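One letter stands for each residue in the lines below.
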Amino acid sequence: MANKEEIIMTQEKPRKKNGIRISSMTLCLGKGVVEMTISEFQQKQSLPYEAKIAHAEKRAWEFYDTITGRGDNVHVSVGGLDSITLLVFLRSIGINAPAISVSILEDKGNQEIHKQLGVMSIKPYKSKTQVLNELGFPVISKAKANKINYLLTPDAEKQTFIHAIMTGDMGAQGNFKHSNKIKLPDKWLRLFGKNYAEHRPDLKFKDVPEFKVSSRCCYYKIPPFKVSSQCCFWMKEKPCDDWAKQNHSYPYLGLMASEGGQREMGLMKNGCNYYGKTVTRSCPFAIFSRQDLLQLALDLDVPIPRAYGEIVRDNDGTLRTTRAQRTGCSMCGFGIHIEKRPHRFDRLRQNAPKEWHYWMYDCCTDSNGEKYGWGRVLNHIGVKWEDKLDEYNQLEL
């Protein structure tokens, strides 16, 4: 908790928007400005749809006034349907901020919509192929991929951290507490933790994986591929952050706490608008549910990238997209293990078979000079991919 002198209650100057007098109270903590408590945030998540839209407009204008009022600029970071909807929403309320995206990483349909909406394309610092070969495959989740990266590194320097990943025991540095948050689930330890098997003599590790290399079979102590959480940093985050610094600009992001994971924790902790020492951003849709987002997309007649299909309403009133629920980089594997088929790589196979073949079989070269790709990784974590789903459209129904 911040010291008393670090806590200041500030009242922003009232402003008139559409004839309505608007003001907001914000709580300034030492590391940044937080506009509401976590309990207040959760209460706002249960607001009616119309109230959430009004809240999003208010927060968007507050961020715009604050940033431009100090002589800086704002922009919209655009990727898939959520942020495309955000861009259209901001324009509909009179905030005509420039939009940027590392569009080359996105699905082809997303790229088409980006061009249609005049989104500025930013170049990544590393190509997808470079990332997979040099850093590793983005699989399971960012947090777990980072831990797996440590486990796949023999004789890693941070042995205390390795032990915590393997057992959850924090050691002297963690007051000998146990943390299931730091510990990697046994499911993944069996697949990736054999380098440090001595930390878990109770755990039966998966038999040494077998991969066919040319006409012979080779056996490895650990999987012959790398795993990394750094893909987004080099391809998207750093290029966009550097552009923002060069242009003295701060972003609007289409993030929602309802997505769960680290995004949920960050948004609930820091609120819709956050003004920190290293991070300043606005997430007007932070309190939205998926249903809110899809309804707004319909209300604003947002152009829907073809990877999503179309937005339809089921008999029970629930909105959904007929194809992908989410899109992103075509070689990203975060969350692939929990997707039902047809999963993202099945859809890639249907939409771009040559690209699919490249990512599955040919994007990397191992120490034996053999080409491989996502197929080797998916086989190792037990995700089916090679059997062709000919009845794709029927399966979706």
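About the cut-offs
- Residues numbered from 1 in each chain as written.
- Predicted model: local features only at pLDDT ≥ 70, side-chain atom pairs only at ≥ 80, totals over all residues.
- Heavy atoms only, no water.
- 1 Å grid on protein atoms, 1.4 Å probe; cavity = no way out; pocket = protein on both sides within 12 Å on 5 of 7 lines; lining within 4 Å.
- Points joined across faces, edges and corners; volume = space filled by probe spheres on them.
- Helix = DSSP H or I, 4+ residues; strand = E, 2+ residues; numbered from the N terminus.
- Salt bridge = Lys/Arg side-chain N within 4 Å of Asp/Glu carboxyl O.
- pLDDT = per-residue confidence, 0-100.
- Contact = heavy atoms within 4.5 Å.
- Buried < 20%, exposed > 50% of the residue type's maximum accessible area, 1.4 Å probe, protein only.

In this structure, the second largest pocket spans a volume of roughly 230 Å³. Forming the walls of the second largest pocket are 14 residues, and the residues nearest its centre are Leu 135, Asn 149, Thr 153, Lys 226 and Val 227. Elements with a contribution of two residues or more to the lining of the second largest pocket: α5 (128–135) and α6 (142–151).

This part is about the pattern of salt bridges. What the rule picks out here adds up to 18 salt bridges. Between Asp 346 and Arg 341 there is a salt bridge, and its shortest N-O distance comes to 2.9 Å.

Here the focus is the confidence of the model for the protein. Considering every residue of the protein, the mean pLDDT works out to 85; 85% of them sit at 70 or more. In this model residues 1–32 is a low-confidence stretch, pLDDT under 50, and it forms 67 contacts with partners more than four residues away in sequence or in other chains. Across residues 391–397 the pLDDT falls below 50, and counting only partners more than four positions away or on other chains, this stretch makes 11 contacts in the model.

What follows deals with unusual backbone geometry. In the segment running from Arg 341 into Pro 342, the intervening peptide bond is cis, with an omega of 5 degrees. Mapped onto the elements, Pro 342 comes out in the loop between β17 (333–334) and α12 (344–351). Backbone geometry at His 248 places phi at a positive 50 degrees, although glycine is not the residue there. Assignment of secondary structure puts His 248 in the loop between α9 (231–246) and β12 (249–252). In this structure, Asp 301 is a non-glycine residue whose phi angle is positive, near 55 degrees. One can find Asp 301 in the loop between α11 (290–299) and β15 (311–313). Given a relative accessible area of 65%, Asp 301 falls into the exposed group.

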